[in-house]
Amino acid sequence: VLMVTPDTIDIPPEIGEWVDSAELPLPNQAARIEAVLNMKNQLTAKRSGDFPLVEQLTEEDIESVASAAGGLSSVGIDNLLCKSLALTRSFDTTYISADKAKKVRAMGYDLLETTLTMDDVGGLDILKEEIVLLKPRFSQDALAYGFKRRPTGILLAGVPGTGKTLSAKAIGNELGIPVMLVDPSTIKDQYVGGTEKNLKRLFRTLEAAAPIAVMFDEAEKIVGKQDKVSDGGAHSAMLGQILTFMSERASALGVFFIFTANDMSKFPVELVRRFDLRMFVDLPSSNERDHIFRLKMSENQQTTEGIDMDEIVRNTNEYSGSDIEQVVEKGMSYAYRDGRRPPTTEDYLQAIDKTVPTAHTYADQIDHMKKWVKDKTMIPANSESISLSETESEESIRSVI
């Protein structure tokens, strides 16, 4: 009797010795590249001139197509390539990624579809420089050059509203790999062994879809230290599985972890050190606030003509990116109410006066993350970090002495 199952099944011990099982893995990146190359060669040989865009594909293009098809079976890859040929006359990565996203959502995950780039993120110059360095490391050529592994991940920590989630979405697009968003509800399970089973399922999906980025937003809620939790050790087991996968499998496969966090105090040190980049996303400096204001005004079809940007920037010290977005929208609301006229400096200043910076409630978290930066566990993502440039007060100097 041959039984084909989508997942593991429980075999009664009475018949266990009579049953053999085998898990057939989905094609990895090398197998997907071979499948794309085979179809390209067949089209070139049998239908020469009919699909010029396919015939012009370079090795790098083929690698991108194979990455976009990650997580599909061999038959699924062939079918999707044929559909792409019929509809786009090429192996279109955008179409392939969109079609695959439907299948990923059916599995309980969400494959982010975004056109965001790091240019859409205000400030964070150091983070942008680091991403430029990381990007070439995901290619086969980088491994041939001598790198033993691909990067494992990036941890972005900072108070809410500083652009961590926005940056995380843009990072995957910049690196040229899809980003899978993992919701805590798809991992944690109330039943014994359920969480571990869900994690194994996630890891199998990541292995098949690699190279891929997996994003844990506000990751401290998933793998952070838990207060007053009696779960029979499930949380510790889950953290151990993630640590093992990150250290032993992720880099070889090309699975890139993107963690964002608001509270670094909940992260164990052994997890933090698994990341290639550990960055403190600070509140924007004056230059960064100016950049963010201009971006948000442009996104809302407003100009800076006649606006005293220096005055606005001067009055928004300790405002986060989300606070600035709120100020822009509220300033526009005043102008819209007053006859749909263009917003003025006074409108924005009034909006600033009515907006309370969210950072005021996160002073303790900022202080904690400053310590991580000072002991070199993290580096600042901003070229001008206002929290780290503050001079020590006389009282704090006296306490250190």
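Keep in mind it's a predicted model, so treat the numbers as computed, not measured.

A. Spatial organisation of the nonpolar core. In this structure, Phe216, Phe257, Phe259 and Phe267 are the most contacted members of the largest nonpolar core, which totals 47 residues. Here this core takes seven residues from helix H11 (residues 234–253), the largest share from any one element. Excluding its chain neighbours within four sequence positions, the residues that come into contact with Phe259 are Ile154, Leu155, Leu156, Phe216, Ala219, Val223, Phe267, Leu271 and Phe275. Counting 23 residues, the second-largest nonpolar core is a separate cluster that includes Leu127, Ala170, Ala213 and Met215.

B. Just the packing of helix H6 (residues 125–134) against helix H8 (residues 164–175), in detail. As a packed pair, H6 and H8 sit with axes 10 Å apart at the nearest point and diverge in direction by 30°. One finds that H6 runs roughly parallel with respect to H8. Here H6 and H8 pass one another in a crossing that is right-handed. Contacts from Leu127, Ile131 and Leu134 of H6 reach H8 at Ser167, Ile171, Glu174 and Leu175. Class assignment for the residues of the contact of H6 with H8 results in five nonpolar, one polar and one charged.

C. Spotlight on a nonpolar patch on the surface. There is a patch of nonpolar side chains on the surface, built from Ile11, Ile15, Trp18 and Val19 and spanning about 420 Å² of accessible area. Mapped onto the fold, Val19 is located in the segment before helix H1 (29–46). The exposure class of Val19 is partly exposed, given its relative accessible area of 38%.

D. Up close: the environment of Val327. Assignment of secondary structure puts Val327 in helix H15 (residues 321–337). In this structure, the C-alpha to C-alpha distance between Val327 and Met309, residues 18 residues apart in sequence, is 13 Å. Residue contacts for Val327: discarding those within four places in its chain leaves Phe293, Tyr319, Tyr348, Ala351, Ile352 and Thr355.

E. Geometry of the pattern of salt bridges. Considering all chains together, one arrives at seven salt bridges under this definition. A salt bridge links Arg341 to Asp347, with the shortest nitrogen-to-oxygen separation between them at 2.7 Å. Relative accessible area serves as the criterion here: at 28%, Arg341 is assigned to the partly exposed category. With relative accessibility at 5%, the residue Asp347 sits in the buried group. The network of salt bridges with common partners includes Asp338, Arg341 and Asp347.

F. Main features of the layout of surface pockets. One number sums up the size of the second largest pocket: a volume of about 560 Å³. Along its surface, the second largest pocket is lined by 22 residues, and Thr93, Thr94, Ser97, Asn173 and Pro178 are the ones closest to its centre. If you list the elements that add at least two residues to the lining of the second largest pocket, you get helix H3 (59–68), helix H5 (93–106), strand S1 (110–112) and H8. Tallying contributions element by element places H3 first for the lining of the second largest pocket, with five residues. Its residues placed into classes, the lining of the second largest pocket shows nine nonpolar, ten polar and three charged.

G. Fine view of the side chain of Arg150. Its place among the elements puts Arg150 in the loop between helix H7 (140–145) and strand S2 (153–157). Separated by 3.2 Å, the side chain of Arg150 and the backbone oxygen of Ala252 make a polar contact. Residues within four places of Arg150 in sequence aside, it is in contact with Arg137, Phe138, Gln140, Leu143, Ser251, Ala252, Leu253 and Gly254.

H. Spatial organisation of the packing of helix H13 (residues 286–299) against H15. With their axes 9 Å apart at the nearest point, H13 and H15 run at an angle of 45° to one another. With respect to each other, H13 and H15 are oriented oblique. Crossing handedness for the pair H13 and H15: right-handed. Each of Arg289, Ile292, Phe293, Lys296 and Met297 in H13 lies in contact with H15, whose residues at this interface are Gly321, Ile324, Glu325, Val327 and Val328.

I. Quick look at the sheet that holds strand S5 (residues 255–261). Spatial ordering of the open sheet is given by S1-S3-S4-S5-S2-S6-S7, a layout of seven strands whose pairing is mixed. Looking along the sheet, the strands with just one partner apiece sit at the ends: S1 and strand S7 (379–380). Alignment of S2 against S5, held across five bridges, turns out to be parallel. Counted as the bridge partner of Ile154 is Ile258 from S5. Seen against the sheet, H5 touches S1 and strand S3 (179–181) and runs at an angle of roughly 155° to S1.

J. The side chain of Lys40, seen in detail. Counting through the fold element by element, Lys40 comes out in helix H1. Within the buried set, Lys40 has no salt-bridge partner at all; the shortest N-O distance to an opposite charge, 7.9 Å, is to Asp61. A polar side-chain atom of Lys40 sits 3.0 Å from the main-chain carbonyl oxygen of Leu57. With sequence-adjacent residues up to four places away left out, Lys40 is seen in contact with Val54, Glu55, Leu57, Ile62 and Phe91.

K. Structural view of H15. Taking 1.5 Å as the rise per residue, H15 with 17 residues should run 24 Å; its terminal C-alpha atoms sit 24 Å apart, in good agreement. Taken from the residues just after H15, Gly339 is the one with a positive phi, measuring 85°.

Each value, and the rule that gives it
Residues numbered from 1 in each chain as written. Predicted model: local features only at pLDDT ≥ 70, side-chain atom pairs only at ≥ 80, totals over all residues. Heavy atoms only, no water. Core = buried A, V, L, I, M, F, W, Y, C linked by side-chain atoms within 4.5 Å. Buried < 20%, exposed > 50% of the residue type's maximum accessible area, 1.4 Å probe, protein only. Helix = DSSP H or I, 4+ residues; strand = E, 2+ residues; numbered from the N terminus. Contact = heavy atoms within 4.5 Å. Axes fitted to C-alpha atoms, helices over the stretch in contact; angles between N-to-C directions. Parallel < 35°, antiparallel > 145°, perpendicular 65-115°, else oblique. Left-handed = near helix turned anticlockwise from the far one by under 90°. Nonpolar A, V, L, I, M, F, W, Y, C, P; charged D, E, K, R; others polar. Patch = residues over 30% accessible without salt bridge, like charges linked within 9 Å, V, L, I, M, F, W, Y side chains within 5 Å. Areas by Shrake-Rupley, 256 points an atom, 1.4 Å probe, with all protein chains shown as cover. Salt bridge = Lys/Arg side-chain N within 4 Å of Asp/Glu carboxyl O. 1 Å grid on protein atoms, 1.4 Å probe; cavity = no way out; pocket = protein on both sides within 12 Å on 5 of 7 lines; lining within 4 Å. Points joined across faces, edges and corners; volume = space filled by probe spheres on them. Polar contact = N/O pair within 3.5 Å; in protein donor to acceptor, adjacent residues only side chain to side chain. Pairing = 2+ DSSP bridges. Lys, Arg positive; Asp, Glu negative; His and termini not counted. Expected span 1.5 Å × (residues − 1).

Everything listed here is a matter of coordinates, which is why it stays silent on function.
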